[in-house]
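The residues making up each chain are set out below.
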Amino acid sequence: MARAFNTQLVSHIDCPGGGQVWVEKNILYVSHMRPPDGTSIYDVSDPRRPRLLHKMEIPLGWHSHKVRVQDDIMIVNYEKFRTGADEFGGGLGIFDVADPERPRLLNKWRVKGKQGGVHRFSYDGRYAYISPTEEGYIGNIVKILDLADPVRPEEVSSWWIPGQHVAGGESYPWDDYVKPRCHHPLRMGDRLYVSYWHHGFFILDISDIRKPTLISGMNSSPAHPHPTHTALPIPGLLRGRRIMAVSDEDVAKLYPAPPAFSWFYDITDERQPMPISTFQVEGIDPDGRPQEPMTGCHQPAEKFFGHVLPYAWFAQGLRLVDISNPFAPKEVGFYEPDVPAGYERVSSNDVTMDERGLIYLLDRQQGLDIIQSNVL
């Protein structure tokens, strides 16, 4: 049975499991984890009665599990997923969704190289900040695309950790470690906050967007065995400080370990990010012994309002964390969904909010919940 504290279920959508959820103008976009399911589009004007408008498919051998929308432009990723349909190619699908019942493909931007593709990304209505593979590089890198004309996207700039560009003659120093992998970049102002998996996070200056430059970086691995999934800058000031929430993903552990958690960094002096606190769901790490993957943290909402930050916490569902005092974040609500039929536990993969204050929680296995809370 579902468990709730300061939350209430509005409705449930029984859809294939997914990787990302986004809401724009009361239209819900769900990108699914496994082919042939690509992206589903719902009308949630009445959130108690979601209505399916359109469903896109993806060839076997690929998945399209991330989606962002702004100003009637929808972007989805294409990333290699097991074997098959090599000719399809990785990259981004760029669609006009002014009529969400009839998405219109404007362009398919392709990565350089036959395999790989784009993992997670962000989009601000003009620029897409993406994590593509690229021929000649080891692992995913940072790339910025200008979509002022979405029919003809322009590659603006790229950035990578020195050592990734082996075809350019760079010496590769990680033969005995996990290869570098940009997970995804997030922009605030003229800064780009970039998570880099087992290589930590980086803060880039993009005041000249055609030439990103490094300000600082930090890595908790290998002392902490979990990869850095998200580096989320918090708008405004908290207790007079500039704060960044950094979530570690509870997968791909370097060694058996307790569940992953979220960090909070003081980035007031961005040249020296300083960890000031952490948050873990109470009770899931009772004695420090290793637990199975996907028990702990995954992803905070990249779109939220106020000082309560929603998290998708894998087997713990939705967690609402009050960060008004970033030195002591505290849980003020949660929603633990029913376990999807045929599975052993929930696996909450992504979460977002809309301007009405509704929360959308997506399970990577099956289903999506629309939730309201009295603490938002």
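As shown above, the structure is provided for reference.
Residues numbered from 1 in each chain as written. Predicted model: local features only at pLDDT ≥ 70, side-chain atom pairs only at ≥ 80, totals over all residues. Heavy atoms only, no water.

1. Description of the overall build of the protein chain
Point 1. Within the protein chain, the secondary structure is distributed over 0 helices and 30 strands.
Point 2. Computed over C-alpha atoms, the radius of gyration of the protein chain comes to 20 Å, within 12% of the 21 Å expected from 2.2 N^0.38 for 376 residues, which places it in the range of a compact globule.
Point 3. In terms of overall dimensions, the protein chain has a C-alpha envelope of 55 × 45 × 40 Å along the principal axes.
Point 4. The proportion of buried residues among the 376 residues of the protein chain is 60%. (Helix = DSSP H or I, 4+ residues; strand = E, 2+ residues; numbered from the N terminus. Rg over C-alpha atoms; globule rule 2.2 N^0.38 Å. Buried < 20%, exposed > 50% of the residue type's maximum accessible area, 1.4 Å probe, protein only.)

2. Brief notes about the state of the cysteines
Note: disulfide means a covalent bond formed between the sulfur atoms of two cysteine side chains.
Point 1. For the structure shown, the criterion picks out 0 disulfides.
Point 2. The closest cysteine sulfur to the non-disulfide-bonded Cys182 is located on Cys297, 18 Å from its own sulfur.
Point 3. Taking relative accessible area as the criterion, Cys182 reaches 0% and is therefore assigned buried. (Disulfide = S-S within 2.5 Å.)

3. Considering the nonpolar core
Point 1. Core analysis: the biggest nonpolar cluster contains 30 residues, and Ile234, Tyr311 and Leu318 have the highest contact counts within it.
Point 2. Of all the elements in the fold, those that place two or more residues in this core are β21 (243-248), β25 (308-312), β26 (318-322), β27 (330-336), β28 (348-353) and β29 (359-363).
Point 3. It is β25 that contributes the most residues to this core, 4 residues altogether.
Point 4. Not counting the four nearest positions on each side in its chain, Tyr311 is found in contact with Ala245, Ser247, Ser262, Phe264, Cys297, Gln299, Pro300, Gly317, Leu318, Arg319, Val321 and Val351. (Core = buried A, V, L, I, M, F, W, Y, C linked by side-chain atoms within 4.5 Å. Contact = heavy atoms within 4.5 Å.)

4. Structural notes on the sheet that holds strand β22 (residues 262-266)
Point 1. Strands sit in the order β20-β21-β22-β23 across an open sheet of 4 strands; the sheet is antiparallel. Single-partner strands in this sheet number two, and they are β20 (228-233) and β23 (274-279). Between one strand and the next, the sheet's axes are offset by a mean angle of 25°, whatever the strand orientation.
Point 2. Summarising the sheet, β21 and β22 pair through 5 bridges and their orientation is antiparallel. Bridging from a neighbouring strand, Val246 pairs with Trp263 of β22. (Pairing = 2+ DSSP bridges. Axes fitted to C-alpha atoms, helices over the stretch in contact; angles between N-to-C directions.)

5. Side note on the pattern of salt bridges
Point 1. In the structure shown here, the tally under the stated rule is 29 salt bridges.
Point 2. With a shortest N-O distance of 2.9 Å, Asp37 and Lys55 are connected by a salt bridge. Placement of Asp37 in strand β5 (residues 37-43) and of Lys55 in strand β6 (residues 51-57) is noted, with a sequence separation of 18 residues between them.
Point 3. As a salt-bridge pair, Glu155 and Lys143 come within 3.1 Å of each other at their nearest N and O atoms. (Salt bridge = Lys/Arg side-chain N within 4 Å of Asp/Glu carboxyl O.)

6. Digging into the packing of aromatic side chains
Point 1. Summed over the entire model, instances satisfying the criterion amount to 14 aromatic pairs.
Point 2. Judged by centre distance (5.8 Å) and plane angle (55°), the rings of Trp62 and Phe88 are tilted. Here Phe88 lies in the loop between β9 (73-80) and β10 (91-96) and Trp62 lies in strand β7 (residues 62-63), a separation of 26 residues in the sequence.
Point 3. Relative to Trp160, the ring of Tyr137 lies with its centre 4.9 Å away and its plane at 75°, an arrangement referred to as edge-to-face. In this pair, Tyr137 is assigned in the loop between β13 (127-130) and β14 (142-146) and Trp160 in the loop between β15 (154-159) and β16 (184-188), connecting sequence segments 23 residues apart.
Point 4. One residue, Arg68, lies across the ring of Trp22, its end atom 3.9 Å from the ring centre.
Point 5. Its guanidinium or amino end placed over the ring of Phe88, Lys108 lies 3.3 Å from that ring's centre, counting from NZ or CZ. (Phe/Tyr/Trp six-rings, centres within 6.5 Å; stacked < 30°, edge-to-face > 60°. Lys NZ or Arg CZ within 6 Å of the ring centre and 35° of its normal.)

7. Some words on the environment of Met218
Point 1. Its location among the elements puts Met218 in strand β19 (residues 213-218).
Point 2. Among the residues examined, Met218 registers a relative accessible area of 30% and is labelled partly exposed.
Point 3. As for Met218 and Val281, which are separated by 63 residues in sequence, their C-alpha atoms are 24 Å apart.
Point 4. With near-sequence residues (within four places) excluded, Met218 lies in contact with His199, Gly200, Phe201, Tyr265, Pro273 and Pro275.

8. Quick notes on the sheet that holds strand β12 (residues 122-123)
Point 1. If you trace the 4 strands from one edge of the open sheet to the other, you get β12-β13-β14-β15, paired in antiparallel fashion. Two strands close off the open sheet at either side, each with one partner strand: β12 and β15.
Point 2. Inspection of the sheet shows β13 paired to β14 by 4 bridges, in the antiparallel sense. Paired with Tyr129 across the bridge in β14 is Ile144.

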